[in-house]
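Reading the structure
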Amino acid sequence: MDQLVELNNETEETVYHFQEGPEGTVIEIDDFSLWYGDKQALFNNRIDIQKGLVTALIGPSGCGKSTLLRSLNRMNDLIEGLRTGGRICLNSQNIFDKNIDVISLRKRMGMVFQKPNPFPMSIAENVTYPLKVDGVRDKNVLAETVERTLKGAALWDEVKDRLKENALGLSGGQQQRLCIARAIAAEPDVLLMDEPCSALDPLATIKIEDLINELRGKFTIVIVTHNMQQAARVSDNTAFMYLGKIIEYGKTQTVFTKPGSQKTQDYVTGRFG
């Protein structure tokens, strides 16, 4: 979880120049704020996340990146004393409406965490777990899902002869790709990634980045990363956050080469963070 920070008294309008996707907006974040008890962690954030594109959230430690990401599937609801203001809409429906089924929402928002977290079961059972929870028992459907999603996660060729082996025997990079396969098995609307490469070595990181590029267009991806070079490599749009607020949201190349905010300029040039 992001550390809590106090927002200073400066007011700065967010700079917007994001790249609109061909299929429009899938997530609308509108004037969204969040408090942990008396401490405010997010301040009046507003962005539209485009369907089929990769959106990166960057910024210094404690700026609210992971807090905002975990708000998208309401994982922060588990924290005592949490309250929110504003709206987050998935396909035009406010995810904080009283009639929203949070479990169903989380199925529509696949999540990949910092550290690989495969279940202590076989590789195949990891992939089919979300389907079995929904009552799918057809062996042909399950087998097809295993092959399709492992191929989609660029893991099939490495594990096709080991599907019954315990997933915990895989390398860290393989485990993370398995977790991505598990997340996409249920065909979510959005794939959320919270620093998915932070626990991996450089070679495994390259494979995850290649995978993100392969999944572009098939899924809407929102990735939190502390690595600006990674954001530049994999994302279409980038949101720079500072002290709980989105300062700039734009086409990634523009954010890194011609930012519209001085704070963004200072961060991407290494003057702080």
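For the structure itself, look to the data block above.
This one's a predicted model, so the numbers in the text were calculated from it and none came from an experiment.

1. Side note on the sheet that holds strand S10 (residues 237-242)
- Pairing is mixed across the open sheet formed by seven strands, whose spatial order is S1-S11-S10-S4-S9-S8-S7. Only two strands of the sheet have a single neighbouring strand rather than two, namely strand S1 (15-17) and strand S7 (109-112). Mean inter-strand twist for the sheet, computed between neighbouring axes without regard to direction, equals 20 degrees.
- Contacts between helix H6 (residues 172-185) and the sheet are confined to S7 and strand S8 (190-194), with S7 contributing the most and set at about 170 degrees to the helix.
- Against the sheet, helix H7 (residues 202-215) makes contact with strand S4 (54-58), S8 and strand S9 (220-224), and its axis sits at roughly 150 degrees relative to S9, the strand it touches most.

2. Concerning the packing of aromatic side chains
- By the definition in use, this model includes seven aromatic pairs.
- Seen in terms of ring centroids, Phe18 and Tyr249 are 5.0 Å apart; in terms of plane orientation they differ by 20 degrees. Their pairing is stacked. Within this pair, whereas Phe18 is found in the loop between S1 and strand S2 (25-36), its partner Tyr249 is found in strand S11 (residues 245-251), the two being separated by 231 residues in sequence.
- Look at Phe18 and you get partly exposed, because its relative accessible area is 22%.
- By relative accessible area, Tyr249 is classed as buried at 0%.
- For the ring pair Tyr267 and Phe272, a centre distance of 5.6 Å and an interplane angle of 55 degrees mean the geometry is tilted.
- The exposure class assigned to Tyr267 is buried, which follows from its relative accessible area of 4%.
- Here Phe272 falls in the partly exposed class, since its relative accessible area comes to 27%.
- Put simply, the rings of Phe240, Tyr242, Tyr267 and Phe272 pair up and form one aromatic cluster.

3. Structural notes on the environment of Leu200
- For Leu200, the position within the fold is in the loop between S8 and H7.
- With residues up to four places along the chain from it excluded, the contact list for Leu200 reads Pro116, Gly172, Gly173, Gln176, Thr205 and Ile208.

4. Here's the deal with the sheet that holds strand S3 (residues 39-50)
- The antiparallel open sheet is built from four strands, whose spatial order is S3-S2-S5-S6. The sheet is open, and its two edges are formed by S3 and strand S6 (93-94), each paired on a single side.

5. What about the side chain of Thr145?
- With respect to the helices, strands and loops of the structure, Thr145 is situated in helix H4 (residues 139-152).
- In this structure Thr145 comes out as buried when scored by relative accessible area, which is 2%.
- When sequence neighbours within four positions are dropped, the list of residues in contact with Thr145 reads Val127, Leu131, Leu150 and Ala185.

Rules of the game
- Residues numbered from 1 in each chain as written.
- Predicted model: local features only at pLDDT ≥ 70, side-chain atom pairs only at ≥ 80, totals over all residues.
- Heavy atoms only, no water.
- Pairing = 2+ DSSP bridges.
- Helix = DSSP H or I, 4+ residues; strand = E, 2+ residues; numbered from the N terminus.
- Axes fitted to C-alpha atoms, helices over the stretch in contact; angles between N-to-C directions.
- Contact = heavy atoms within 4.5 Å.
- Phe/Tyr/Trp six-rings, centres within 6.5 Å; stacked < 30°, edge-to-face > 60°.
- Buried < 20%, exposed > 50% of the residue type's maximum accessible area, 1.4 Å probe, protein only.

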